[in-house]
Amino acid sequence: MHCNSAFALLKPVCDEVVKHPTKKCLQDLTETFGQIPIKTLLQLQDYVLYPLELNLQRPYVSSETRRHIVDCIKQLILCTEVNSLKKYLNLYTLLFIQLFDKDSSSMVANVSEELKLSVIQCVTKITQKCTDDVIRQIYNKNNVPRISQGIFVCVHIMQNEKLRPLRIAAIEFIMAITQIDDQERYIEVWRPSIADMIMFIVPGVLTGLHKVVIGDEKQGHLVTKTALRAWSRILVLVLEDIIIAKTKTKMHFSAKVTVISDAKTKSEENQSENEKETETIIKTIQSQQRTLEWAKGVAENVLKMSESLRPLQNHSHWKVRHELAESCYSILDKCQQHLKDTSVIFVEILLKLSDDDVDQVASTSQAAIKSLTQKLEEEDGISFYEILEENFYGLVTKLPRIIHLYFLTLADSEKLAVLRLLKQYLTLIGSGRLPQLLQKTSHLERTVLALLQTAELQSSNMSLLSDCSLRDLELNQDAIFHTPWKQFKHFADQSIIEKLEVVLMLLGQNGDLEILCNHLLELLSTGREHRNEIVFVLNKIMLGGLHTEENIHIVKNTLDTYLSPQLWYVPLTVSVTRTETVTTSEVLNISQVRSNLQLVCLLAEGIGYMATALETRFSRFLMHCLYLIVERAGSPHEALAAAGLKAAAAIAKAVRQGNDITSLLSANMDYFMVQVSLRLRNMRRDPGVLSVLSIAMRHSIQEMLPYLQNAVTEVLLQCCDTFQMQHTSSFLHVFYTFFLCIKKWFPSKNDKRGTSCKGTIDIPSVISEFVEYIENSQRCKIHFKNLKFNEGYTEQTKEMSEPIESNYLGEETPEKLEVPSHIKMTVSVVQRCLHLLPRKDKQCRLQALETLTEGLEVLADYENELLPMVHQVWSPLIGRLQDASDPLVLNRSFILLTTLARLAEDFIRARTLKQVWPALCNFLFDSAEKSKNKSSGSAFQYSQLFKLQLCLLQGLGDLALHLQLQEKEVFQMLNAAAPYLSTRQPKPLQESCLKLFHTVTAYDSDAVWLEIMKIDKQMTPMFKDNREYKKNVVSVMEMLTFSKIIIV
């Protein structure tokens, strides 16, 4: 299109804009730009700008119209370019005048946010569309007063405005005017000129951007990210490591803001009135340079700002953290010379971010660290590591203070960030320089002490209660992760604990393991302070550092220290204690004993760690520590037993003898039995051998039975010693475990468990007997009428007179089968347990009852041995069953009674009905009132009385079945259980009572029916309210109906 044609197209629209600058008119002008070629439009640019500039200068034009005019100018510049400095400065000044108000305290006019946004975006585009010649002319110190005016306005807007796009636009303008945006036309040779010009406004700009960067996260991550990018790039621009003239001129950092502010104020006044002042300002600006003194002043203020950037490491949005990593790398890469003191902060930030959860952030930080390391190694290989070492030492010094003093206020995320930083320091310093660093005594002591104080443990959660139950000793999956001995005082978050362990392992991997271990062992042997923490730290360091054959001697020294009696056998009771090998007269308090228990758990865990690190090389230490580890696995303390089991599993896996304690003991059973036999003979000095024997039996195989019998025989002898009565609980534990093994290896051939569910016993009822009696009477009358008495008598006499020939003449009487040795041993053990049943010690009685229950199960197939034992058991058992003062003992006694009934049946039927049955039924009936109105969530369900009621309701049915009770005893049982059909009883008791009625229904439904009718018709005064029984009575009636249908 020819220029004349374009002019003819633009003229009517431009004339209309001059007269009536409406929104529609401006839109028509904007649409016309697209119809004209760029070169032609560029030639007519001044003609188009004239009406737009004219209207912006008219005071009566509305704010909305001004916004549309500014948008029109922006579209014109986007279609063309700015090729004149004069044009740029005119537009720059004219546009910012729309936002400038000299009478306002902030010098920013009170106009709409939309107008502000349009003006700033327009100026940004004008700056970006300038040609290279114009840009070269802009960055002249003579233009500082005019350029600084717009920058001042944008700094104020980005700090105080609320609209996010407006704040971001203001920051983007600052980046555009300083040529640090992401435009492709960026030319390196302009940087010195740009830096020389903006050096006068740097203080105000950096301060304003810094306030935005550290602002609240509510302002939006994009605002923070953009401000951070502008802050770092401007800092790099003015402090880049280039040649700075060493002049004697010294510009004070605090004076610069005043100079620029004056320039900004003067630039708005009339040119004729302040011409001399402006010339003076320009001369002053021209004389100033970026000297070392000036750079030092900037660096001092940047140091203060950099400290406040640390919280951005934990910013919720990963893009802010990513921008922080890039900014730190840019500053360290280009400004290290002038920001030496600040580089410490930026290095720490990069190290923390290199362990970020977001891959983009971590990879950027790691790449930055790698690049910096390579660059500094090529230029000055020591300087960067000096920074790292200094930072590392400083961080280690303040680490305990960070963890301790801010325990209540410091968030777990910040503690985790500190440990991540420490980990990155250890990684970056590496195995090449860390050993040299730790060779310095001050560094070694400070590092170890800081780690001990950080890893301060608490033992208040360690339970001192011994587990008297005969629990399963297998290591389940939950026990693998349950470590109650590792509870820290100043943090509980699992991620912090894991990071601390990683730090310690990394220290052992990259540091001098021998120096670290020797120092920690020396601390462990010289005093009690931080003893538990020393063992924890030493365990993790060895786990990370034991990877070569050269460190075997360290393991030997550590094992000798761990297994020394002074540590391995510390007192675990709050009293004057005689331990396994050490006698102490010290009376300890609860906290000390808990600490000791925590210590021995850590020692056992440490041995497992050594095995894990050494793998098959640990075989040389196996015989030295395995017995002691298994001894811990059999401890009555749950935490210590768990630690021992975990250590045993780790050893088995390391030496490739399976994955658990079973396979480990099976592979070394010969050694074990020798050790057990030797120690059993001196059990007073080593009572822990009983725990070891229990575990050895539990995890042995049938071929080892002769060895086990010899060991049990030795235990029986020791049990008869009156001086060994304090170990009765351990004796019973051994016997119980022995019975379990026998049952596992020799299962019973006539197991009668569950017979109540599989078969029924026909018990004659009153009605059926009466009917049968009538029918038999009628048949007899008919029979005797037709019977020929004489003939029958003669025939019967002949038959009786015939000689009886034995079918067994000539046959040999079968020989009595020989009783196996393990059955003989079982009889001896049961007899010994009977002597322990009357003991006053409640724990002893409970264990004796459990052991007798298992022992009699072993004798199930040997009636000649079983029945005498049942007879001997009955006398001491009857006293326990008739005494209801202790529900727990009565509970275990009832379980033993049901076992006797299942095994002996008729042998104890008469004595049970006479001596036990009435007492049990009376107790069950009387205790019903105590459980009434107890809700399901009440504490009553955790009481021993409730558990006894539940046990009786669940077991009486089977007991009646095995003893083949008649209707009288059945009625007595049902009458005692009937109160538990009430809906006011706890739910578990109701359910057990229904099951009891269901069991009885299977073989005596008439008795159940009569009992239900008695409840329904209120035949006794105890059932005053029939409604509370209605629900369960209906359930029983349904069972009765169903059973009748099945019978028919």
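Notes on the structure in this doc start here.

Thresholds, definitions, all that
- Residues numbered from 1 in each chain as written.
- Predicted model: local features only at pLDDT ≥ 70, side-chain atom pairs only at ≥ 80, totals over all residues.
- Heavy atoms only, no water.
- Axes fitted to C-alpha atoms, helices over the stretch in contact; angles between N-to-C directions.
- Helix = DSSP H or I, 4+ residues; strand = E, 2+ residues; numbered from the N terminus.
- Left-handed = near helix turned anticlockwise from the far one by under 90°.
- Contact = heavy atoms within 4.5 Å.
- Nonpolar A, V, L, I, M, F, W, Y, C, P; charged D, E, K, R; others polar.
- Core = buried A, V, L, I, M, F, W, Y, C linked by side-chain atoms within 4.5 Å.
- Buried < 20%, exposed > 50% of the residue type's maximum accessible area, 1.4 Å probe, protein only.
- Parallel < 35°, antiparallel > 145°, perpendicular 65-115°, else oblique.
- Phe/Tyr/Trp six-rings, centres within 6.5 Å; stacked < 30°, edge-to-face > 60°.
- Lys NZ or Arg CZ within 6 Å of the ring centre and 35° of its normal.
- Salt bridge = Lys/Arg side-chain N within 4 Å of Asp/Glu carboxyl O.
- Patch = residues over 30% accessible without salt bridge, like charges linked within 9 Å, V, L, I, M, F, W, Y side chains within 5 Å.
- Areas by Shrake-Rupley, 256 points an atom, 1.4 Å probe, with all protein chains shown as cover.
- Lys, Arg positive; Asp, Glu negative; His and termini not counted.
- Charge placed at Lys NZ, Arg CZ, Asp CG, Glu CD.

**Here we look at the packing of helix 36 (residues 728–745) against helix 40 (residues 821–836)**
It is at 11 Å that the axes of helix 36 and helix 40 come closest, and there the two elements cross at 145°. Remark: the crossing between helix 36 and helix 40 carries left-handed chirality. Only H822, M825, T826, V829, V830, C833 and L836 of helix 40 make contact with helix 36, whose side of the interface consists of T728, L732, F735, F738, F739 and I742. Counted by class, the contact of helix 36 with helix 40 contains 10 nonpolar, three polar and no charged residues.

**Side note on the nonpolar core**
Grouped together as the largest cluster of nonpolar side chains are 334 residues, with contacts concentrated most on Y88 and F618. F618 has contacts with L559, I607, M610, A611, C625, I651 and V655, leaving out every residue within four places of it along the chain.

**Thoughts on the packing of helix 42 (residues 863–882) against helix 43 (residues 887–904)**
One can describe the packing of helix 42 onto helix 43 by two numbers: an axis separation of 10 Å at closest approach and a directional angle of 150°. By the angle between their axes, helix 42 is roughly antiparallel relative to helix 43. For the pair helix 42 and helix 43, the crossing hand works out as left-handed. Across the interface between the two elements, L866, L867, V870, V873, W874, L877, R880 and L881 of helix 42 pack against V889, L890, S893, F894, L896, L897, L900, L903 and A904 of helix 43. For the contact of helix 42 with helix 43, a count of residues per class yields 15 nonpolar, one polar and one charged.

**Let's talk about the packing of aromatic side chains**
Per the counting criterion, the structure on display carries 10 aromatic pairs. Taking the centre distance of 6.2 Å and the plane angle of 35° together, the rings of Y92 and F173 count as tilted. In this pair, Y92 is assigned in helix 6 (residues 85–97) and F173 in helix 10 (residues 164–177), connecting sequence segments 81 residues apart. Across the pair, F173 and Y92 agree in class, each one buried. A connected cluster of aromatic rings, assembled from ring pairs, spans Y88, Y92, F96 and F173. Directly above the aromatic system of F907 lies the positively charged group of R911, at a separation of 5.2 Å from the ring centroid.

**Considerations on unusual backbone geometry**
The residue Q179 is not glycine, and still its phi comes out positive at about 60°. Locating Q179 in the fold gives a position in the loop between helix 10 and helix 11 (191–198). Of the residues examined, Q179 reaches a relative accessible area of 2% and is grouped as buried. Residues other than glycine seldom take positive phi values, yet Q964 does so here, at roughly 55°. The residue Q964 is located in the loop between helix 47 (944–963) and helix 48 (967–977) in this model.

**Some thoughts on the pattern of salt bridges**
Taken as a whole, this structure holds 30 salt bridges when the rule is applied. Of the charged contacts in the structure, one is a salt bridge between D15 and K11, with a shortest N-O distance of 2.8 Å. On the criterion of helical spacing, the pair formed by D15 and K11 is a turn pair, its members being four residues apart in helix 1 (residues 3–19). Taking the relative accessible area as the measure of exposure, D15 reaches 29% and is therefore partly exposed. Because the salt bridges share partners, they merge into one network encompassing D355, D357, R420, K423 and K499.

**Notes on a negative patch on the surface**
Together, E300, D341, E386 and E390 make up a negatively charged patch on the protein surface. Within the fold, E300 resides in helix 16 (residues 292–307).

**Quick word on the environment of V155**
Tracing the backbone through its elements, the reader meets V155 in helix 9 (residues 144–160). For V155, a relative accessible area of 9% gives the class buried. Residues V155 and R167, spaced 12 residues apart in sequence, show a C-alpha to C-alpha distance of 9.1 Å. Each residue touching V155, except ones within four places of it in the same chain, is listed here: I174, G204, V205 and G208.

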